[in-house]
Amino acid sequence: MQSDTLRFRTPLAQPRFLPMSRAEMHAIGWDALDVLLISGDAYVDHPTFAAALLGRWLVAHGYRTGIVAQPRWNTPEDVLCMGRPRLFAGIAAGAIDSMLAHYTAFRKKRHDDAYTPGGKAGARPNRAVIVYTNLLRQAFAGLPVVIGGIEASLRRATHYDFWTDSLRRSILLDAKADLLVYGMGEYALREAAARYDAAMNEGGAATAAEALHGIEGTAWVGTESDMPEGASIMRLPSHEDISADVRLLMEATLQQERHVHRGDAWAIQPVGNRAVIMAPPAPPMSSEDLDRLYALPFTREAHPSYRETVPAADMIRTSITTHRGCGGGCSFCSLALHQGRRIASRSRDSVLAEARDLAAAARKGVSISDVGGPSANMWQARCTLNPAKCRRASCMFPSVCKGFAVDQRKAVRLLREVRDTPGVRNVRVASGVRFDLALREGEALRAYTMEFTGGQLKVAPEHICDEVLEYMRKPGLPVFEKFLEAFAAFSDEAGKEQYVVPYLLSAFPGCTDDHMRTLSRWLQARGWSPQQVQCFIPTPGTVATAMYAAGIDPEGNPIPVARTDAERLRQHGILMPDTGRPPSCDADNRRRGDARQSETGRGKAGARDGRPHRSDRDTENANRHDGGRSDRRGGRRDEDRPDRGRRNGARPDGGANRGRADAEERREGRKGGSKRPPRR
């Protein structure tokens, strides 16, 4: 069944909130659901929350869709509340990997969760996709299950699991799901609903299950015969071969990265006598479809059943997404793997319409916290070359590709138009800018600095040593220092005291204690005093994680890796001396069920032109985005005092609260911690 022959249903009227109970379902005139979505996050009706975005998208195409948010996992009662859906159930762990949500960089339990009412921890299980799938099997025998989101997307093939220090096979096999949606989920989920609906009408459940195979942006367990004859096929090393030689994980990871960017090939990974089949990735959403998606009537509020606020909802309430995707391709970041390196942008009119809606909903005017995407200055960027023939791992490294075309002046004009919208008090670019790209357009950088920075501008140098930056796929120190000079000059011209907020990483693969000391001396020479620095965490699916697991660079050369907590804390402590003594070697602390993880992250030291400034940690995470939502950074700023930016909060599309993580890691350092589990 080809996608171009599918017919979607007549759009349904959009309810104020998607139903979460049978009573709500009946109140809007539905006697049953077509699709049930289960999420590890609370239900907030905002386009940065995947369940809301995908649910309204399906309703707009005629499919009655309900949400069960954060169900209890010791009973199927919660998922039974609206009855058996006619087509299938979709499952996502939430905005971030469930293990990431639960554990800090040193595998200690987190104490809160920004995606849960009241910010309470413990509302979702470890390995939520697997647990929720088993729960659905108990509730609805034989119901097709489609998994997606960041947890499933980045675990679609063999991956390294930091929490157990082991290699795990595809999550499809462990969850026993029927289909996995990887990357951005709107097109794939819509086509799955249409295919299954048509097949159910024509031939029943057996035919319908077969109809799901071959959808772009999906994977399933099958055989090579599932792939079209004559298709271009990328063959990943088998799970068994990688288990026998962990260095093959690098080959598999690089192939997956290439598979996503190339966009026209199939991929296969043998696992025992079966195989994980990956169809070509879904294309980026068209500007017209993005406009239609963001024009849906989101309330931007948490579901009224909640008695406590959802912290993440407040943090992104007045942010506007302009685009998806990131050309950076940083080795530690999942953005390019999940959203892709090709940019998908909304139109000017769509963005301005959302600004008008925000202003109309505010009684005394609105301060728009962010207008951007993964970075603010990639709106309407495009590749002028052929991605299928591209051999670069990054559009930005080692230098900006000649085929990466973007007019940053257009983005500045858009920001000014949003600012000039009646009822809008001010506009900020909380998502930050890609500084090497900003340097290519001086007038745009001048505007970002002088007009749209609320005291702090986020950038991501990550480190300063060439060897480490090369492993990260980040530009060299001279580029960053040139940016700092320009930022300081423009700030002086504006008569504003402003600060750069640089993200910094410790314990990155290939980084040694000497590299960290070099970074420390550079910071001291500038008078910078970082208050929080994030320790690298190997999240599934990234090249940096393959470097960490295998101890090699992408070319196969051996590299030093800080593996134990003692080694990692020592590097961390070079920039954060009060992190504490090395962790305890007590064997009883080596494992706590699943070993622990926090985000791959960054730190910041607010400073401008050598003047120290202490600022809180803001939200950012390499493990970004859930299926079907754009990558956004939420945040709150003190607009009346632009030189004293407040802490930005958790990103509900793929970031944990890094301020929280750092505070917990500092506590762990003082108390000691567990030693890293031994390798197999």
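Check the entry above for the structure.
Calculation rules
Residues numbered from 1 in each chain as written. Predicted model: local features only at pLDDT ≥ 70, side-chain atom pairs only at ≥ 80, totals over all residues. Heavy atoms only, no water. Patch = residues over 30% accessible without salt bridge, like charges linked within 9 Å, V, L, I, M, F, W, Y side chains within 5 Å. Areas by Shrake-Rupley, 256 points an atom, 1.4 Å probe, with all protein chains shown as cover. Salt bridge = Lys/Arg side-chain N within 4 Å of Asp/Glu carboxyl O. Lys, Arg positive; Asp, Glu negative; His and termini not counted. Charge placed at Lys NZ, Arg CZ, Asp CG, Glu CD. Helix = DSSP H or I, 4+ residues; strand = E, 2+ residues; numbered from the N terminus. Buried < 20%, exposed > 50% of the residue type's maximum accessible area, 1.4 Å probe, protein only. Contact = heavy atoms within 4.5 Å. Polar contact = N/O pair within 3.5 Å; in protein donor to acceptor, adjacent residues only side chain to side chain. Disulfide = S-S within 2.5 Å. Axes fitted to C-alpha atoms, helices over the stretch in contact; angles between N-to-C directions. Parallel < 35°, antiparallel > 145°, perpendicular 65-115°, else oblique. Left-handed = near helix turned anticlockwise from the far one by under 90°. Pairing = 2+ DSSP bridges. Phe/Tyr/Trp six-rings, centres within 6.5 Å; stacked < 30°, edge-to-face > 60°. Lys NZ or Arg CZ within 6 Å of the ring centre and 35° of its normal. 1 Å grid on protein atoms, 1.4 Å probe; cavity = no way out; pocket = protein on both sides within 12 Å on 5 of 7 lines; lining within 4 Å. Points joined across faces, edges and corners; volume = space filled by probe spheres on them. Nonpolar A, V, L, I, M, F, W, Y, C, P; charged D, E, K, R; others polar.

Student: Lay out a negative patch on the surface in plain terms, naming residues and giving numbers.
Tutor: A cluster of acidic residues, Asp 466, Glu 467, Glu 470 and Glu 555, forms a negative patch on the protein surface. With respect to the secondary-structure elements, Glu 470 resides in helix H18 (residues 466–472). Taking relative accessible area as the criterion, Glu 470 reaches 54% and is therefore assigned exposed.

Student: Account for helix H11 (residues 287–294), naming residues and giving values.
Tutor: If you check which residues of H11 are buried, you get Asp 289, Leu 290, Asp 291, Leu 293 and Tyr 294. Considering only its buried residues, H11 is in contact with helix H2 (50–60), helix H7 (186–203), strand S12 (319–321), strand S13 (323–324), strand S14 (344–345) and helix H14 (348–361).

Student: How would you explain the side chain of Asp 165 if you had to name every residue and give the values?
Tutor: Mapped onto the secondary structure, Asp 165 falls in the loop between strand S5 (159–161) and strand S6 (166–168). Residue Asp 165 is classed as buried on the basis of its relative accessible area of 5%. There is a polar contact of 2.6 Å between the side chain of Asp 165 and the side chain of Tyr 160.

Student: Kindly report on the environment of Pro 47, identifying the contributing residues and their values.
Tutor: Looking at where Pro 47 falls in the secondary structure, it is placed in the loop between strand S1 (35–39) and H2. Along the primary structure Pro 47 and Ile 320 are separated by 273 residues, whereas in three dimensions their C-alpha atoms are 9.3 Å apart.

Student: Residue-level account of the pattern of salt bridges, with values.
Tutor: Under the defined criterion, the tally for this structure stands at 42 salt bridges. In this structure, Glu 77 engages Arg 72 in a salt bridge whose closest nitrogen and oxygen atoms are separated by 3.6 Å. With its nearest N and O atoms 2.6 Å apart, the salt bridge here joins Glu 451 to Arg 416. Of this pair, Glu 451 sits in helix H17 (residues 442–451) while Arg 416 sits in helix H15 (residues 408–419), and the two are 35 residues apart along the sequence. A single network of salt bridges, built from pairs that share partners, joins Arg 9, Asp 31, Asp 34, Arg 64, Arg 86 and Asp 197.

Student: Help me get a handle on H2, residues and values and all.
Tutor: Burial of H2 is extensive: 11 of the 11 residues sit out of reach of the surface. Within H2, the full set of buried residues consists of Ala 50, Ala 51, Ala 52, Leu 53, Leu 54, Gly 55, Arg 56, Trp 57, Leu 58, Val 59 and Ala 60. Summarising the contacts, the buried residues of H2 are in contact with S1, strand S2 (65–69), H7, H11 and S13. Gly 62 sits one or two positions beyond H2 and adopts a positive phi of about 95°.

Student: Quick rundown of the state of the cysteines? Include the residues and the values.
Tutor: For the structure shown, the criterion picks out zero disulfides. Take Cys 465: it sits in no disulfide, and the sulfur closest to it among the cysteines is that of Cys 511, at 7.0 Å. Classification of Cys 465 by relative accessible area gives buried; the value is 8%.

Student: Describe the packing of H2 against H7, with residues and values.
Tutor: Close contact between H2 and H7 brings their axes to 10 Å; oriented N to C, the two are set at 45°. Comparing the axis directions of H2 and H7 gives the class oblique. Along this stretch, H2 crosses H7, giving a crossing that reads as right-handed. Facing Leu 53, Leu 54, Trp 57 and Leu 58 of H2, the residues of H7 in contact are Glu 186, Tyr 187, Leu 189, Arg 190 and Ala 193.

Student: Summarise the sheet that holds S1; cite the residues concerned and give the values.
Tutor: In spatial order, the strands read S2-S1-S3-S4-S7-S8-S11-S10-S9; together these nine strands make up an open sheet with mixed pairing. Of all the strands in the sheet, the pair left with one neighbour each is S2 and strand S9 (233–235). Across the sheet, the axes of successive neighbouring strands diverge by a mean angle of 25°, strand direction being ignored. Relative to strand S10 (residues 266–271), S9 runs parallel, the two being bridged by three bridges. Bridging from a neighbouring strand, Ile 233 pairs with Trp 266 of S10. Relative to the sheet, H7 contacts S1, strand S3 (88–92), strand S4 (145–148), strand S7 (179–181) and strand S8 (218–222), its axis offset from that of S3 by approximately 160°.

Student: Residue-level account of the packing of aromatic side chains, with values.
Tutor: Here the structure, examined in full by the defined rule, presents 12 aromatic pairs. Taking 6.2 Å as the distance between ring centres and 65° as the angle between the ring planes, the aromatic pair formed by Phe 162 and Tyr 548 counts as edge-to-face. Of the two residues, Phe 162 is situated in the loop between S5 and S6 and Tyr 548 in helix H21 (residues 543–550); the sequence distance between them amounts to 386 residues. Here Phe 162 and Tyr 548 have matching classes, each one buried. Ring centres of Phe 435 and Phe 483 lie 5.7 Å apart, and the angle between their planes is 40°; on these two criteria the pair is classed as tilted. A residue pair is termed long-range when its members are at least 10 positions apart, and Phe 435 in helix H16 (residues 435–438) and Phe 483 in helix H19 (residues 477–494) qualify at 48 residues. Each of the two residues, Phe 435 as well as Phe 483, counts as buried. Clustering of aromatic rings is evident, with ring pairs tying together Tyr 160, Phe 162, Phe 332, Phe 508, Phe 536 and Tyr 548. It is Arg 56 that lies over the ring of Phe 298; its NZ or CZ is 5.8 Å from the centre. When the ring centre of Tyr 548 is taken as reference, the NZ or CZ atom of Arg 563 above it lies at 4.7 Å.

Student: Before we move on, could you go through empty space enclosed by the protein and cite the residues and values that matter?
Tutor: On inspection of all chains with the given rule, the structure shows 12 cavities of 30 Å³ or more. Along its surface, the largest cavity is lined by 23 residues, and Met 184, Ala 282, Pro 283, Pro 284 and Gln 339 are the ones closest to its centre. Taken together, the elements giving at least two residues each to the lining of the largest cavity come down to H7, helix H10 (248–262) and helix H13 (335–338). In terms of residue count, the dominant contributor to the lining of the largest cavity is H13 (three residues). Of the residues contributing to the lining of the largest cavity, the split by class is 12 nonpolar, seven polar and four charged.

Treat this as a map of the structure, not an account of what it does.
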